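Now for the letters of each chain:
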Amino acid sequence: MITALPSIRDYEPIVGKDCIDELFYLAGRIQRRKIQHINSTPVGGGVAEILARMVPLIRELDLDASWDVIKGGDDFFAVTKEFHNALHGKTQLITEEMYDIYEHYTNLNLELTPLIGDVIFVHDPQPAGLIKAKLRDEDHRYWIWRCHIDVSNPDRQVWRFLKKYVERYDSAIFSMPSFAQVLSIPQFLIAPSIDPLSKKNIELSQEEIQGVLERFQIDPELPIVTQISRFDRFKDPIGVIEAYKIVSRHIDCQLVLAGGGASDDPEGAEVLSEVKAKSEGDKNIHIIELAPNSDFEINALQRASTVIIQKSLKEGFGLTVTEALWKGKPVVAGAAGGIVTQIENKITGMLVSSVEGAAYKIEYLLNNPDFAEQLGENGRQHVLHNFLITRHVRDHLLLLLYLDHLNETVVKI
Amino acid sequence: MQMNLGRTDKGFQFYKCYTIVELTGDQARDIKEFVEILRYVDSASIFGHTHRTFFKHHFARDLYSNDFAYWISEVLQERRLGERVASIDLTRYQDIEQLRKDLIEIIESYIANQVQFRSVPRGEEFHFTKAISLIQPTCYVAHSIHEFRDCLKLVDISSLYYHFFEADLRLKRPTNDFSFWIEDTLNGAELAHKIQRINPYMSTLEELREKIVRLVEAYLNSLALAQFKQKKG
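Residues numbered from 1 in each chain as written. Chains lettered and ligands numbered in written order. Predicted model: local features only at pLDDT ≥ 70, side-chain atom pairs only at ≥ 80, totals over all residues. Heavy atoms only, no water.

J.: Describe the overall build of chain A, and please don't skip the residues or the numbers.
T.: If you tally the helices and strands in chain A, you get 16 helices and 13 strands. The C-alpha radius of gyration of chain A comes to 22 Å, within 12% of the 22 Å expected for a compact globule of 413 residues. Seen through its C-alpha atoms, chain A measures out along the principal axes to roughly 70 × 50 × 35 Å. Counting contacts in chain A only where the partners sit at least 6 residues apart, residues at least 24 apart contribute 71% of the total. Of the roughly 17,200 Å² of accessible surface on chain A, a fraction of 50% belongs to carbon and sulfur atoms. For chain A, the separation between the mean place of its 43 positive charges and that of its 59 negative charges on side chains is 3 Å. (Helix = DSSP H or I, 4+ residues; strand = E, 2+ residues; numbered from the N terminus. Rg over C-alpha atoms; globule rule 2.2 N^0.38 Å. Contact = heavy atoms within 4.5 Å. Areas by Shrake-Rupley, 256 points an atom, 1.4 Å probe, with all protein chains shown as cover. Lys, Arg positive; Asp, Glu negative; His and termini not counted. Charge placed at Lys NZ, Arg CZ, Asp CG, Glu CD.)

Laid out in structure tokens, this is it:
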């Protein structure tokens, strides 16, 4: 699950020695030292990606961190997928049988999962039912439900079902203020993060970038406008092509639309074929279907870009925007979800709400490289201070320190 | 009495400050909902929304000094009200409850003169959060005004935030921590007042640091010059 990861001290050249020293200081102050994370999958998906980095880093801080994964059959994951969609606000038919399947696997996992932490972080809805153990064991463990998904507009029936578990936790964590719910337990905000030393974000040599451009037959001499995202209607790839077509009336440039999700998703395949049809006949539009684990290619494409676009109509936090900002690129992005937390219009990027707006902002940036550079630098600084994994680890440590001071607003540690 | 330029036993301990954000679950879609929540929301929420902008960007000054003004102006598009909320002089307050009272009064008087009210679409509501500060002593302790200046150049900017904003407003001290120590321990009333007169809401934290360092250095230079003249004369 975890291979040759960078050490916590490897982050010093990026975030500074003080930042790493302070993580050790904070970790040293924590009383509840056994920290357990529980989620539903060891690989794939954002949560597993975060835990694969965060757990080893926390261990390096001399805390006893562990990570366990619940078990479930296809029927369980089919049900939780439906729950996931319903919590995202999609209308789903949820039957009593589905709730029974969820309960069945919850009870099974209560037997199978060792609950060893002084503090137990349970991630997302799939394992949320493990909280039943809190009553069963009458323990003094501290239980935190960590919600990574957008539950701002959930299907009420599914949320009611989940809420009865969530409110038994000692507190909850959400990624955005808008995801918060009215709950009887304290709720905290912890934004997600990217790892600057991961394959997707680590510095690349010019040769490496060049190699990827050659492989995808992209001209390094012509400005490159790139959107990296799944072929999904909410990412508006058709709108991106339309914006590019407006821009290319005045400026010679290339559009790169790169993403996955078309092979295992019927809707993705449909969107991809629409995108291909829309771009037909224009040799400067590069449609790239990325295989899973194309982190290196994504990194190179982002670094080769002149402008990065993320014209989302609906978005979770939008970590692809974080990645682009981290690479110091000027970003034009839809004012949706967590993108507005990352992009302050005209300071750390450009926010747009229409095809025409996107086209105008792209053209403006291509014509004003100094401004584009300043925007990119501001964006990188914003990510450096707010959205790197070291900040994420720090937030977890601070929360662990705060657990013994709930209801205080100024706490000496 | 002249300011003590030598070492003192009562050193100034610089603290570093971390913020964690608690979500209240309260959200407003229009100005009436907004003011109703403002009446009961925890004072830590009002403090957070009027000060957190200092941590948003380390490199740029925000056009709006507080989250409330930003949302009212830019999202709710009640620009006249937004301008009034943005222009509240936060340096006048030593008590969040007074700030709450004044904010409510400004909004209520606006509501009283309006017939129609805008409301925002789903996803653009104002979400009330609470700012919780965790403070930690740093290795920087100043025992003289010279050490104070040197430490000030080195401390994390969150130290400035804590000693200037938290001390003044949230902890209800009559002045910022720096001015208090300089006046109380070093008998430096003049310098203390000069620092207290800075409007910190008009600067980034880095600029605030520079301003204080410049004031201390200018003050020390003027004292040195006066001593030199005295000796010469």
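Don't stop here, the text continues.
J.: For the domain arrangement of chain A, give the residues involved together with the corresponding values.
T.: All names here are of chain A. Annotation of chain A at the domain level lists domain 1 (8-193) and domain 2 (206-386). Taken together, the contacts link 8 residues of domain 1 with 8 residues of domain 2. Remark: the boundary between domain 1 and domain 2 carries 0 salt bridges. There are 0 residue pairs in polar contact (both at pLDDT 80 or more) connecting domain 1 and domain 2. Of the residues that constitute the side of domain 1 that touches domain 2, the class distribution is 5 nonpolar, 3 polar and no charged. (Domains from an automatic or database assignment. Salt bridge = Lys/Arg side-chain N within 4 Å of Asp/Glu carboxyl O. Polar contact = N/O pair within 3.5 Å; in protein donor to acceptor, adjacent residues only side chain to side chain. Nonpolar A, V, L, I, M, F, W, Y, C, P; charged D, E, K, R; others polar.)

J.: Before we move on, could you go through the interface of chain B and chain A and cite the residues and values that matter?
T.: The interface is formed by 31 residues belonging to chain B together with 35 residues belonging to chain A. Note on chain B versus chain A: buried area summed over both sides is about 2,800 Å², and carbon and sulfur give 64% of it. At the boundary of chain B and chain A, one finds 1 salt bridge. When the shortest N-O distance is used, the salt bridge between E22(A) and K16(B) registers 2.3 Å. Where chain B packs against chain A, one counts 9 residue pairs in polar contact (both at pLDDT 80 or more). Looking at the side of chain B that touches chain A, the elements that each hand over two or more residues are β1 (12-28), α3 (53-56), β2 (126-142) and α8 (157-170) of chain B. Here the side of chain B that touches chain A is composed, by residue class, of 15 nonpolar, 8 polar and 8 charged. One ladder, built from 3 bridges, connects strand β6 (residues 187-189) of chain A with β1(B); its direction is antiparallel. (Buried area = accessible area lost by both parts, 1.4 Å probe. Pairing = 2+ DSSP bridges.)

J.: Give me the pairing of strand β4 (residues 142-146) of chain A: which residues, what numbers.
T.: Remember that side chains alternate between the two faces of the sheet whenever the strand is regular. Residue and element names in this part refer to chain A. Of all 5 residues making up β4, 5 are buried, and the element is well covered by its neighbours. Neither face of β4 is left uncovered, since the one carrying Y142, I144 and R146 and the one carrying W143 and W145 both have all their residues buried. In terms of handedness, the path from strand β3 (residues 119-123) via helix α6 (residues 132-137) over to β4 forms a crossover that is right-handed. Inspection of the sheet shows β4 paired to strand β5 (residues 171-174) by 3 bridges, in the parallel sense. In the strand pairing of β5, W145 is matched with A172. (Buried < 20%, exposed > 50% of the residue type's maximum accessible area, 1.4 Å probe, protein only. Right-handed = clockwise from strand over helix to strand, strands pointing away.)

J.: So what's going on with the confidence of the model for chain B? Residues and values would help.
T.: Per-residue confidence for chain B gives a mean pLDDT of 89; residues scoring 70 or more make up 94%. Ranking the elements of chain B by mean pLDDT puts α3(B) last with 66 and helix α1 (residues 31-40) of chain B first with 97. (pLDDT = per-residue confidence, 0-100.)

J.: Describe the pattern of salt bridges, listing the residues and the values that go with them.
T.: Evaluation of the coordinates by the stated rule reveals 35 salt bridges over all chains. With a closest N to O distance of 2.6 Å, R391(A) and D395(A) form a salt bridge. With a gap of 4 residues between them, R391(A) and D395(A) both fall in helix α16 (residues 389-402), about one helical turn apart. Per residue, the accessibility class of R391(A) equals that of D395(A), and both read buried. For E108(B), the salt bridge identified is with R39(B), shortest N-O distance 2.7 Å. One end of the pair, E108(B), is in helix α6 (residues 96-112); the other, R39(B), is in helix α1, with 69 residues separating them in the sequence. The class of R39(B) is partly exposed, set by a relative accessible area of 36%. Taken together, the shared-partner salt bridges connect R9(A), E12(A), K17(A) and D21(A) into one network.

J.: Report on the pairing of β5(A), specifying residues and quantitative values.
T.: The two faces of β5(A) match: S171(A) and I173(A) on one face and A172(A) and F174(A) on the other face are all buried. The β-α-β motif built from β4(A), the intervening helix α7 (residues 156-166) of chain A and the parallel element β5(A) has right-handed crossover chirality.

J.: Lay out the sheet that holds β4(A) in plain terms, naming residues and giving numbers.
T.: Pairing within the open sheet is mixed, and its 9 strands lie in the order β2(A)-β1(A)-β3(A)-β4(A)-β5(A)-β6(A)-β1(B)-β2(B)-β13(A). The two strands at the open ends of the sheet, each matched to only one other strand, are β2 (64-69) and β13 (410-412) of chain A. Across the sheet, the mean angle from the axis of one strand to that of its neighbour is 25 degrees, orientation sign disregarded. On the sheet, helix α3 (residues 46-60) of chain A packs against β1 (34-39), β2 and β3 of chain A and is oriented at approximately 155 degrees with respect to β2(A). (Axes fitted to C-alpha atoms, helices over the stretch in contact; angles between N-to-C directions.)

J.: Let's hear about the packing of helix α10 (residues 189-197) of chain B against helix α11 (residues 205-232) of chain B: which residues, and what values?
T.: Residues and elements named next belong to chain B. For the pair α10 and α11, the least separation of the axes is 10 Å and the interaxial angle reads 155 degrees. The orientation of α10 relative to α11 falls into the category roughly antiparallel. α10 and α11 meet at a crossing whose hand is right-handed. Contact residues: E190, L191, K194 and I195 in α10; I212, L215, V216 and Y219 in α11. The residue inventory of the contact of α10 with α11, partitioned by class, reads 6 nonpolar, no polar and 2 charged. (Parallel < 35°, antiparallel > 145°, perpendicular 65-115°, else oblique. Left-handed = near helix turned anticlockwise from the far one by under 90°.)

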